[in-house]
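Close look at the chain arrangement
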Amino acid sequence: MRNASARPAGGRAAAPKTGGTLPTPASAPGPAQVNRPASLHPGAWWLWSLSLGTAATRTTNPLLLALLITTSAYVVATCRRTSPWSRSYAAFVKLALAVLLVRLLFAITLGSPIPGTHVLVTLPELPLPDWAQGIRLGGRVTAESLVFALYDGLKLATLLICVGAANALANPHRLLKSLPGALYELGVAVVVALTFAPHLIADVQRLRSARRLRGRPDTGIRGLLQVGLPVLEGALERSVALAAAMDARGYGRTAEVPPGVRRTTTALTLGGLLGVCAGTYGLLTAEGGTYGIPVLLAGLTAALAGLRLGGRRTPRTRYRPDRWDVRSFLVAGSGAAVAAAMFLAGADDPAALHPGVVPLVAPTLPLLPAAAVLLGLLPAFLAPTPKEPSS
(Lines give C-alpha, C1' and ligand atoms only; values in the text may rest on other atoms or scores of the structure.)
Protein backbone atom coordinates (compact mmCIF):
# COMPACT_ATOMS: atom_id res chain seq x y z
CA MET A 1 0.00 0.00 0.00
CA ARG A 2 1.36 3.37 -0.97
CA ASN A 3 2.18 5.92 1.72
CA ALA A 4 0.13 9.06 1.16
CA SER A 5 2.47 11.24 3.13
CA ALA A 6 5.40 10.42 0.88
CA ARG A 7 4.14 12.70 -1.95
CA PRO A 8 1.39 15.36 -1.95
CA ALA A 9 -1.64 15.17 -4.19
CA GLY A 10 -0.10 17.59 -6.66
CA GLY A 11 2.73 15.17 -7.28
CA ARG A 12 5.44 17.54 -6.01
CA ALA A 13 7.80 16.70 -3.16
CA ALA A 14 7.07 18.38 0.13
CA ALA A 15 9.66 20.86 1.47
CA PRO A 16 11.19 20.09 4.82
CA LYS A 17 9.47 21.82 7.70
CA THR A 18 12.49 23.38 9.31
CA GLY A 19 13.27 26.94 10.17
CA GLY A 20 16.87 26.88 8.90
CA THR A 21 18.41 26.40 5.52
CA LEU A 22 20.16 23.33 4.30
CA PRO A 23 23.92 23.63 3.70
CA THR A 24 24.81 23.90 0.08
CA PRO A 25 27.72 22.01 -1.43
CA ALA A 26 29.53 25.29 -1.99
CA SER A 27 29.49 26.08 1.74
CA ALA A 28 30.79 22.67 2.80
CA PRO A 29 34.51 22.62 3.48
CA GLY A 30 36.32 20.83 0.71
CA PRO A 31 39.77 19.27 0.71
CA ALA A 32 41.30 22.42 -0.74
CA GLN A 33 39.87 24.54 2.08
CA VAL A 34 41.34 22.47 4.91
CA ASN A 35 44.68 24.10 5.61
CA ARG A 36 47.56 22.31 7.23
CA PRO A 37 48.46 23.72 10.66
CA ALA A 38 51.22 26.26 10.33
CA SER A 39 54.47 25.05 11.82
CA LEU A 40 58.15 25.76 11.56
CA HIS A 41 60.64 23.68 9.61
CA PRO A 42 62.05 20.94 11.89
CA GLY A 43 65.57 21.76 10.74
CA ALA A 44 65.12 25.28 12.13
CA TRP A 45 64.39 23.86 15.58
CA TRP A 46 67.46 21.64 15.47
CA LEU A 47 69.72 24.48 14.32
CA TRP A 48 68.34 26.70 17.08
CA SER A 49 68.83 24.04 19.77
CA LEU A 50 72.30 23.00 18.61
CA SER A 51 73.35 26.64 18.49
CA LEU A 52 72.29 27.09 22.10
CA GLY A 53 74.21 23.92 22.97
CA THR A 54 77.27 25.30 21.16
CA ALA A 55 77.00 28.49 23.17
CA ALA A 56 76.84 26.39 26.36
CA THR A 57 80.13 24.69 25.50
CA ARG A 58 81.92 28.05 25.34
CA THR A 59 81.32 29.05 28.95
CA THR A 60 81.38 27.71 32.50
CA ASN A 61 79.63 30.72 34.01
CA PRO A 62 76.69 29.25 35.96
CA LEU A 63 74.61 32.39 35.47
CA LEU A 64 74.89 32.22 31.68
CA LEU A 65 74.25 28.47 31.71
CA ALA A 66 71.16 28.95 33.88
CA LEU A 67 69.98 31.64 31.45
CA LEU A 68 70.42 29.24 28.52
CA ILE A 69 68.42 26.56 30.36
CA THR A 70 65.66 29.05 31.17
CA THR A 71 65.53 30.22 27.55
CA SER A 72 65.17 26.71 26.16
CA ALA A 73 62.60 25.76 28.81
CA TYR A 74 60.45 28.82 28.07
CA VAL A 75 60.50 28.18 24.32
CA VAL A 76 59.62 24.50 24.83
CA ALA A 77 56.76 25.35 27.19
CA THR A 78 55.43 27.90 24.69
CA CYS A 79 55.90 26.14 21.35
CA ARG A 80 55.78 22.38 21.82
CA ARG A 81 52.78 20.46 20.56
CA THR A 82 50.79 17.59 22.04
CA SER A 83 52.75 14.76 20.44
CA PRO A 84 54.60 11.73 21.82
CA TRP A 85 58.07 13.20 21.22
CA SER A 86 57.17 16.45 23.02
CA ARG A 87 57.15 14.59 26.34
CA SER A 88 60.85 13.77 26.11
CA TYR A 89 61.98 17.16 27.42
CA ALA A 90 61.32 16.22 31.04
CA ALA A 91 63.31 13.02 30.57
CA PHE A 92 66.29 14.99 29.24
CA VAL A 93 66.05 17.37 32.21
CA LYS A 94 66.15 14.40 34.60
CA LEU A 95 69.12 12.96 32.69
CA ALA A 96 70.91 16.30 32.96
CA LEU A 97 70.33 16.38 36.73
CA ALA A 98 71.65 12.83 37.00
CA VAL A 99 74.78 13.78 35.05
CA LEU A 100 75.34 16.76 37.34
CA LEU A 101 74.97 14.64 40.48
CA VAL A 102 77.30 11.95 39.12
CA ARG A 103 79.91 14.59 38.31
CA LEU A 104 79.74 15.94 41.85
CA LEU A 105 79.88 12.41 43.29
CA PHE A 106 83.02 11.64 41.29
CA ALA A 107 84.64 14.84 42.51
CA ILE A 108 83.91 13.85 46.12
CA THR A 109 84.97 10.21 45.97
CA LEU A 110 87.77 10.28 43.37
CA GLY A 111 89.15 13.71 44.10
CA SER A 112 89.99 16.50 41.70
CA PRO A 113 93.20 17.87 40.19
CA ILE A 114 92.15 21.36 41.25
CA PRO A 115 94.11 22.44 44.35
CA GLY A 116 92.14 24.00 47.14
CA THR A 117 92.55 25.44 50.60
CA HIS A 118 88.93 25.51 51.81
CA VAL A 119 88.49 21.98 53.16
CA LEU A 120 84.85 21.05 53.64
CA VAL A 121 85.20 17.47 54.85
CA THR A 122 87.89 14.81 55.05
CA LEU A 123 86.79 11.33 54.02
CA PRO A 124 88.62 8.12 54.88
CA GLU A 125 91.18 7.55 52.13
CA LEU A 126 91.68 4.10 50.67
CA PRO A 127 95.34 3.31 49.83
CA LEU A 128 95.90 2.28 46.20
CA PRO A 129 98.82 0.43 44.57
CA ASP A 130 101.64 2.23 42.78
CA TRP A 131 100.23 1.62 39.31
CA ALA A 132 97.16 3.71 40.25
CA GLN A 133 99.11 6.91 40.80
CA GLY A 134 97.02 10.03 40.28
CA ILE A 135 93.82 8.34 41.48
CA ARG A 136 92.59 8.42 45.03
CA LEU A 137 89.52 7.24 46.86
CA GLY A 138 88.41 9.54 49.63
CA GLY A 139 90.59 12.15 51.25
CA ARG A 140 90.04 15.89 51.44
CA VAL A 141 87.06 17.47 49.75
CA THR A 142 87.62 21.15 49.05
CA ALA A 143 85.21 23.86 48.03
CA GLU A 144 87.31 24.63 44.96
CA SER A 145 87.05 21.09 43.63
CA LEU A 146 83.29 20.98 44.17
CA VAL A 147 82.75 24.33 42.45
CA PHE A 148 84.90 23.22 39.51
CA ALA A 149 82.90 19.98 39.22
CA LEU A 150 79.65 21.95 39.47
CA TYR A 151 80.65 24.27 36.63
CA ASP A 152 81.84 21.39 34.47
CA GLY A 153 78.76 19.25 35.09
CA LEU A 154 76.40 22.17 34.56
CA LYS A 155 77.90 22.79 31.13
CA LEU A 156 77.22 19.19 30.06
CA ALA A 157 73.75 19.30 31.63
CA THR A 158 72.89 22.44 29.65
CA LEU A 159 74.01 20.76 26.43
CA LEU A 160 71.74 17.77 27.16
CA ILE A 161 68.79 20.04 27.91
CA CYS A 162 69.29 21.88 24.62
CA VAL A 163 69.26 18.57 22.74
CA GLY A 164 66.10 17.64 24.65
CA ALA A 165 64.51 20.89 23.46
CA ALA A 166 65.18 19.87 19.85
CA ASN A 167 63.59 16.45 20.47
CA ALA A 168 60.52 18.07 22.02
CA LEU A 169 59.97 20.70 19.32
CA ALA A 170 60.94 19.07 16.02
CA ASN A 171 58.79 16.43 14.36
CA PRO A 172 61.25 13.61 13.53
CA HIS A 173 59.14 12.30 10.64
CA ARG A 174 59.07 15.69 8.96
CA LEU A 175 62.78 16.05 9.62
CA LEU A 176 63.37 12.80 7.78
CA LYS A 177 61.43 14.07 4.76
CA SER A 178 63.59 17.20 4.68
CA LEU A 179 66.91 15.35 4.45
CA PRO A 180 68.68 15.14 1.09
CA GLY A 181 68.46 11.88 -0.79
CA ALA A 182 72.10 10.97 -0.15
CA LEU A 183 71.47 10.99 3.63
CA TYR A 184 68.12 9.23 3.49
CA GLU A 185 69.27 5.88 4.87
CA LEU A 186 71.40 7.52 7.55
CA GLY A 187 68.50 9.83 8.37
CA VAL A 188 66.15 6.90 8.86
CA ALA A 189 68.55 5.34 11.36
CA VAL A 190 68.94 8.63 13.23
CA VAL A 191 65.21 9.31 13.32
CA VAL A 192 64.46 5.81 14.58
CA ALA A 193 67.07 6.31 17.31
CA LEU A 194 65.65 9.73 18.24
CA THR A 195 62.07 8.47 18.45
CA PHE A 196 63.03 5.49 20.62
CA ALA A 197 63.19 7.48 23.86
CA PRO A 198 59.87 9.36 23.40
CA HIS A 199 57.96 6.17 22.54
CA LEU A 200 59.58 4.35 25.45
CA ILE A 201 58.59 7.13 27.86
CA ALA A 202 55.01 7.12 26.51
CA ASP A 203 54.77 3.34 26.95
CA VAL A 204 56.04 3.52 30.53
CA GLN A 205 53.59 6.29 31.43
CA ARG A 206 50.67 4.42 29.87
CA LEU A 207 51.48 1.16 31.63
CA ARG A 208 52.01 2.86 34.99
CA SER A 209 48.66 4.62 34.67
CA ALA A 210 46.97 1.32 33.81
CA ARG A 211 48.54 -0.38 36.85
CA ARG A 212 47.43 2.44 39.13
CA LEU A 213 43.86 2.15 37.82
CA ARG A 214 43.93 -1.58 38.61
CA GLY A 215 45.26 -0.93 42.12
CA ARG A 216 48.63 -2.54 41.46
CA PRO A 217 51.99 -1.08 42.52
CA ASP A 218 53.84 0.91 39.86
CA THR A 219 56.91 1.91 41.88
CA GLY A 220 59.83 0.03 43.36
CA ILE A 221 61.72 -2.94 42.01
CA ARG A 222 58.63 -5.11 41.65
CA GLY A 223 56.69 -2.47 39.75
CA LEU A 224 59.69 -1.78 37.52
CA LEU A 225 60.04 -5.44 36.60
CA GLN A 226 56.33 -5.86 35.86
CA VAL A 227 56.28 -2.72 33.71
CA GLY A 228 59.56 -3.47 31.92
CA LEU A 229 58.38 -6.68 30.23
CA PRO A 230 55.35 -5.14 28.46
CA VAL A 231 57.49 -2.16 27.44
CA LEU A 232 60.07 -4.50 25.90
CA GLU A 233 57.32 -6.46 24.14
CA GLY A 234 55.84 -3.27 22.71
CA ALA A 235 59.26 -2.12 21.50
CA LEU A 236 59.79 -5.43 19.67
CA GLU A 237 56.34 -5.28 18.06
CA ARG A 238 56.96 -1.70 16.98
CA SER A 239 60.33 -2.64 15.45
CA VAL A 240 58.74 -5.50 13.46
CA ALA A 241 55.99 -3.19 12.20
CA LEU A 242 58.57 -0.58 11.26
CA ALA A 243 60.62 -3.13 9.34
CA ALA A 244 57.53 -4.27 7.42
CA ALA A 245 56.57 -0.68 6.60
CA MET A 246 60.09 0.13 5.39
CA ASP A 247 60.16 -2.94 3.18
CA ALA A 248 56.74 -2.10 1.72
CA ARG A 249 57.94 1.41 0.86
CA GLY A 250 61.03 0.16 -0.95
CA TYR A 251 63.59 1.19 1.62
CA GLY A 252 67.16 0.39 0.58
CA ARG A 253 66.46 0.16 -3.14
CA THR A 254 68.71 2.37 -5.25
CA ALA A 255 68.75 3.51 -8.84
CA GLU A 256 71.41 2.83 -11.43
CA VAL A 257 74.05 5.57 -11.43
CA PRO A 258 77.01 5.77 -13.88
CA PRO A 259 80.41 4.89 -12.37
CA GLY A 260 81.75 8.37 -13.11
CA VAL A 261 79.01 9.99 -11.08
CA ARG A 262 79.66 7.62 -8.17
CA ARG A 263 83.39 8.38 -8.16
CA THR A 264 82.75 12.12 -8.41
CA THR A 265 80.26 11.93 -5.55
CA THR A 266 82.74 10.06 -3.35
CA ALA A 267 85.56 12.48 -4.12
CA LEU A 268 83.45 15.56 -3.45
CA THR A 269 81.98 14.19 -0.24
CA LEU A 270 85.25 12.97 1.27
CA GLY A 271 87.16 16.04 0.11
CA GLY A 272 84.48 18.31 1.49
CA LEU A 273 84.48 16.58 4.87
CA LEU A 274 88.26 16.81 5.05
CA GLY A 275 88.01 20.50 4.20
CA VAL A 276 85.43 21.04 6.92
CA CYS A 277 87.69 19.31 9.48
CA ALA A 278 90.76 21.32 8.37
CA GLY A 279 88.82 24.60 8.40
CA THR A 280 87.37 23.91 11.84
CA TYR A 281 90.83 23.09 13.17
CA GLY A 282 92.11 26.33 11.69
CA LEU A 283 89.40 28.33 13.40
CA LEU A 284 90.16 26.73 16.76
CA THR A 285 93.90 27.47 16.60
CA ALA A 286 95.60 30.83 16.57
CA GLU A 287 97.98 29.92 13.72
CA GLY A 288 95.25 28.84 11.31
CA GLY A 289 92.97 31.84 11.62
CA THR A 290 93.90 33.10 8.14
CA TYR A 291 93.04 29.97 6.18
CA GLY A 292 90.33 28.53 8.48
CA ILE A 293 87.29 30.31 7.01
CA PRO A 294 88.19 29.87 3.27
CA VAL A 295 88.96 26.17 3.74
CA LEU A 296 85.79 25.66 5.75
CA LEU A 297 83.63 27.35 3.10
CA ALA A 298 85.30 25.36 0.31
CA GLY A 299 84.77 22.12 2.22
CA LEU A 300 81.11 22.90 2.84
CA THR A 301 80.58 23.69 -0.84
CA ALA A 302 82.23 20.44 -1.98
CA ALA A 303 80.31 18.37 0.59
CA LEU A 304 76.97 19.89 -0.43
CA ALA A 305 77.76 19.23 -4.11
CA GLY A 306 78.59 15.61 -3.25
CA LEU A 307 75.33 15.22 -1.36
CA ARG A 308 73.46 16.70 -4.29
CA LEU A 309 74.96 14.18 -6.70
CA GLY A 310 74.55 11.33 -4.23
CA GLY A 311 70.83 12.00 -4.05
CA ARG A 312 70.43 10.48 -7.52
CA ARG A 313 70.90 7.02 -6.03
CA THR A 314 67.70 7.37 -4.04
CA PRO A 315 64.87 8.38 -6.37
CA ARG A 316 61.99 9.42 -4.16
CA THR A 317 59.39 12.13 -4.06
CA ARG A 318 58.19 14.29 -1.17
CA TYR A 319 54.51 14.81 -0.48
CA ARG A 320 53.90 18.39 0.69
CA PRO A 321 57.53 19.16 1.52
CA ASP A 322 58.34 21.62 4.29
CA ARG A 323 59.49 25.01 3.13
CA TRP A 324 61.97 27.34 4.75
CA ASP A 325 59.94 30.48 5.30
CA VAL A 326 60.95 33.74 6.93
CA ARG A 327 60.07 32.53 10.42
CA SER A 328 62.23 29.42 10.05
CA PHE A 329 65.19 31.51 8.97
CA LEU A 330 64.68 33.89 11.89
CA VAL A 331 64.45 31.03 14.42
CA ALA A 332 67.64 29.39 13.13
CA GLY A 333 69.34 32.77 12.90
CA SER A 334 68.48 33.65 16.51
CA GLY A 335 70.26 30.52 17.74
CA ALA A 336 73.23 31.18 15.47
CA ALA A 337 73.43 34.73 16.81
CA VAL A 338 73.61 33.40 20.38
CA ALA A 339 76.48 31.04 19.47
CA ALA A 340 78.35 33.73 17.53
CA ALA A 341 78.00 36.23 20.36
CA MET A 342 79.34 33.69 22.83
CA PHE A 343 82.36 33.04 20.60
CA LEU A 344 83.07 36.78 20.33
CA ALA A 345 82.62 37.31 24.06
CA GLY A 346 85.04 34.46 24.79
CA ALA A 347 87.69 36.07 22.61
CA ASP A 348 87.12 39.54 24.05
CA ASP A 349 86.68 38.78 27.79
CA PRO A 350 87.35 35.11 28.62
CA ALA A 351 87.43 35.77 32.37
CA ALA A 352 83.73 36.72 32.33
CA LEU A 353 82.75 33.44 30.68
CA HIS A 354 85.04 31.31 32.85
CA PRO A 355 84.91 32.50 36.47
CA GLY A 356 87.93 31.64 38.58
CA VAL A 357 87.99 28.68 40.92
CA VAL A 358 91.44 29.11 42.50
CA PRO A 359 91.00 31.45 44.27
CA LEU A 360 87.25 31.24 44.57
CA VAL A 361 85.42 34.24 43.14
CA ALA A 362 81.71 34.89 42.79
CA PRO A 363 80.55 34.64 39.16
CA THR A 364 79.26 37.82 37.56
CA LEU A 365 76.72 38.14 34.76
CA PRO A 366 78.29 39.76 31.68
CA LEU A 367 75.70 42.01 30.09
CA LEU A 368 76.48 41.56 26.39
CA PRO A 369 76.52 37.72 26.42
CA ALA A 370 73.39 37.72 28.58
CA ALA A 371 71.60 40.02 26.13
CA ALA A 372 72.72 37.74 23.29
CA VAL A 373 71.27 34.69 25.07
CA LEU A 374 67.93 36.49 25.31
CA LEU A 375 67.84 36.49 21.51
CA GLY A 376 67.14 32.77 21.84
CA LEU A 377 63.64 33.68 23.07
CA LEU A 378 62.67 34.84 19.58
CA PRO A 379 61.03 31.51 18.60
CA ALA A 380 58.53 31.91 21.43
CA PHE A 381 57.11 34.96 19.62
CA LEU A 382 57.55 33.73 16.04
CA ALA A 383 56.40 30.11 16.20
CA PRO A 384 52.68 29.48 15.70
CA THR A 385 50.60 28.70 18.74
CA PRO A 386 50.26 24.91 19.13
CA LYS A 387 46.56 24.11 18.82
CA GLU A 388 46.61 20.54 17.56
CA PRO A 389 49.18 17.79 17.04
CA SER A 390 51.55 18.28 14.15
CA SER A 391 51.26 15.82 11.31
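Residues numbered from 1 in each chain as written. Predicted model: local features only at pLDDT ≥ 70, side-chain atom pairs only at ≥ 80, totals over all residues. Heavy atoms only, no water.

What follows concerns a nonpolar patch on the surface. On the surface, Val102, Leu105, Phe106, Leu110, Leu126, Leu128 and Ile135 cluster together into a nonpolar patch covering about 610 Å² of accessible area. Counting residues per element, the nonpolar patch draws most heavily on helix α3 (residues 88–109), which supplies three residues. As for its position among the elements, phenylalanine 106 is in helix α3. The class for phenylalanine 106 is partly exposed, based on a relative accessible area of 44%. (Patch = residues over 30% accessible without salt bridge, like charges linked within 9 Å, V, L, I, M, F, W, Y side chains within 5 Å. Areas by Shrake-Rupley, 256 points an atom, 1.4 Å probe, with all protein chains shown as cover. Salt bridge = Lys/Arg side-chain N within 4 Å of Asp/Glu carboxyl O. Helix = DSSP H or I, 4+ residues; strand = E, 2+ residues; numbered from the N terminus. Buried < 20%, exposed > 50% of the residue type's maximum accessible area, 1.4 Å probe, protein only.)

Its 18 residues give helix α2 (residues 62–79) an end-to-end C-alpha distance of 26 Å, which sits within 8% of 26 Å, the value for a rise of 1.5 Å per residue. Of the positions making up α2, those classed as buried are Pro62, Leu64, Leu65, Leu68, Thr71, Ser72, Val75, Val76 and Cys79. Between a side-chain oxygen at the N-terminus of α2 and the backbone nitrogen of leucine 63 the separation is 3.0 Å; the capping residue is asparagine 61. (Expected span 1.5 Å × (residues − 1). Polar contact = N/O pair within 3.5 Å; in protein donor to acceptor, adjacent residues only side chain to side chain.)

A few words now on α3. Counted at 1.5 Å a residue, the expected span for α3 with its 22 residues is 32 Å, and the 31 Å between its end C-alpha atoms agrees. Of the residues making up α3, those classed as buried are Ser88, Tyr89, Phe92, Ala96, Leu100 and Ala107. Projected down its long axis, α3 carries its buried residues within an arc of 130 degrees, all on one side. Turned more than 90 degrees off the buried face of α3, the exposed positions are Lys94, Leu97 and Leu101. (Arc of directions from axis to C-beta.)

Topologically, leucine 126 is positioned in strand β1 (residues 119–126). You can call leucine 126 partly exposed: its relative accessible area is 48%. Between the C-alpha atoms of leucine 126 and arginine 136, which are 10 residues apart in sequence, the distance is 7.2 Å.

Another aspect to go through is the packing of helix α1 (residues 42–57) against helix α10 (residues 326–348). Where α1 meets α10, the closest approach of the two axes is 8 Å, and the angle between their N-to-C directions is 10 degrees. By the angle between their directions, the pair α1 and α10 is classed as roughly parallel. Residues Ala44, Trp45, Leu47, Trp48, Ser51, Leu52, Thr54 and Ala55 of α1 touch α10, and the partners they reach there are Ser328, Val331, Ala332, Ser334, Gly335, Ala336, Val338, Ala339, Met342 and Phe343. The residue inventory of the contact of α1 with α10, partitioned by class, reads 13 nonpolar, five polar and no charged. (Axes fitted to C-alpha atoms, helices over the stretch in contact; angles between N-to-C directions. Parallel < 35°, antiparallel > 145°, perpendicular 65-115°, else oblique. Contact = heavy atoms within 4.5 Å. Nonpolar A, V, L, I, M, F, W, Y, C, P; charged D, E, K, R; others polar.)

In this structure, Trp45, Trp48, Leu68, Val75 and Leu169 are the most contacted members of the largest nonpolar core, which totals 35 residues. Taken together, the elements giving at least two residues each to this core come down to α1, α2, α3, α4 (143–169), α10 and α12 (367–373). It is α4 that provides the largest number of residues to this core, a total of eight residues. Once residues lying within four places of it in the same chain are set aside, the contact partners of valine 75 are Trp45, Trp48, Arg80, Leu169, Gly376, Leu377, Pro379 and Ala380. (Core = buried A, V, L, I, M, F, W, Y, C linked by side-chain atoms within 4.5 Å.)

With that settled, the discussion passes to the pairing of β1. Across the eight residues of β1, zero count as buried, placing the element largely on the outside. Here five bridges tie β1 to strand β2 (residues 137–142), and the two strands are oriented antiparallel to one another. When the sheet's bridge partners are listed, valine 119 is paired in β2 with threonine 142. (Pairing = 2+ DSSP bridges.)

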